[in-house]
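# A closer look at the structure
Spelled out, the chains give:
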Amino acid sequence: MKVLYVYANPKPRSFNSALLEAGLRALEDAGYEVELSDLYAMGFDPVLSAAEITGQMRPDARSEIEKLRRADRLILQFPDWWYGPPAVLKGWIDRVMAYGFAYDDTHEFETGFLRGKKGLVVMTVGYAADYYAAAPQRDLAHLLEPLHYGTFAFVGMQPLPPFIAYGPRYMSEEERKACLEAYARHLLEWL
Ligand SMILES: Cc1cc2nc3c(=O)[nH]c(=O)nc-3n(C[C@H](O)[C@H](O)[C@H](O)COP(=O)(O)O)c2cc1C
């Protein structure tokens, strides 16, 4: 099983980097073949240009497309920034889920070109879980919908249950450790 792990986090030492490490270790131990796209480390350009929309694909997007073509599973990991992914990941989606590769006018949803693949979102959020439960406007489903439905489902991929780490800065050492272990179990259960 091949996994493309797309990672969008600028901070080298953070809870996101600990999740990445735990996830990569779990996948490697279980025998998955993983390709990592660390978007900040790569200096990935997130801006989709007019030329690219009309089909003049640049080599960096082409290389990501080849990784995604090879992959059976796609992981998108990021910290929540303003109820969405960081711009670099939004731009990765803009440029890599390209017309003609992921979908076209007659290939979307059930007939999307990426059918058969599955996608999983891994996200950290600033507050603890009770904050999000306290008002319907805070429901993180609002944030996940553009990824699960607008992206994965649109191109034919099956969205898998997301993994959300709530309020890492409020966690004790034990809670952090438990969260990292839960993440490793989540990956092995769903991928
Ligand atoms: C630009 C920016 C926007 C953010 N927007 C939100 C937000 O909308 N909701 C939220 O819960 N946390 C928000 N946060 C907090 C981050 O999600 C949080 O610090 C991060 O998930 C913690 O992970 P880390 O320890 O790996 O940095 C934001 C942080 C930044 C820098």
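About the thresholds
Residues numbered from 1 in each chain as written. Predicted model: local features only at pLDDT ≥ 70, side-chain atom pairs only at ≥ 80, totals over all residues. Heavy atoms only, no water. UniProt positions renumbered as here; feature names shortened; annotations may be inferred. Helix = DSSP H or I, 4+ residues; strand = E, 2+ residues; numbered from the N terminus. Expected span 1.5 Å × (residues − 1). Buried < 20%, exposed > 50% of the residue type's maximum accessible area, 1.4 Å probe, protein only. Arc of directions from axis to C-beta. Contact = heavy atoms within 4.5 Å. Salt bridge = Lys/Arg side-chain N within 4 Å of Asp/Glu carboxyl O.

The protein carries the name General stress protein 14 in an unreviewed UniProt entry, which gives Calidithermus terrae as its organism. Per UniProt, the comment on the protein under Sequence similarities (unreviewed entry) is "Belongs to the NAD(P)H dehydrogenase (quinone) family."

Turning to helix α7 (residues 141-153), a few remarks are in order. Note that an α-helix has 3.6 residues per turn; residues three or four places apart therefore point the same way. The terminal C-alpha atoms of α7, which comprises 13 residues, lie only 15 Å apart, well short of the 18 Å expected from a rise of 1.5 Å per residue. Along α7, the positions that sit buried rather than exposed are Leu143, Leu144, Leu147, His148, Thr151, Phe152 and Ala153. Taken end-on, α7 shows its buried residues confined to a sector of 160°, consistent with a single buried face. Packed against the buried residues of α7 are β3 (73-79), α5 (87-96), β4 (118-125), β5 (158-159) and β6 (163-166).

What follows concerns the pattern of salt bridges. In the structure shown here, the tally under the stated rule is 10 salt bridges. One salt bridge connects Glu64 with Lys67, and the closest N-O pair in it is separated by 2.8 Å. Within this pair, Glu64 and its partner Lys67 are both found in helix α4 (residues 59-70), separated by 3 residues, close to a single helical turn. The two residues Glu64 and Lys67 agree in class, both being buried. Among the ionic pairs, Arg69 bridges to Glu66, the shortest N-O distance being 3.2 Å. Of this pair, Arg69 and Glu66 both sit in helix α4, separated by 3 residues, roughly a single helical turn.

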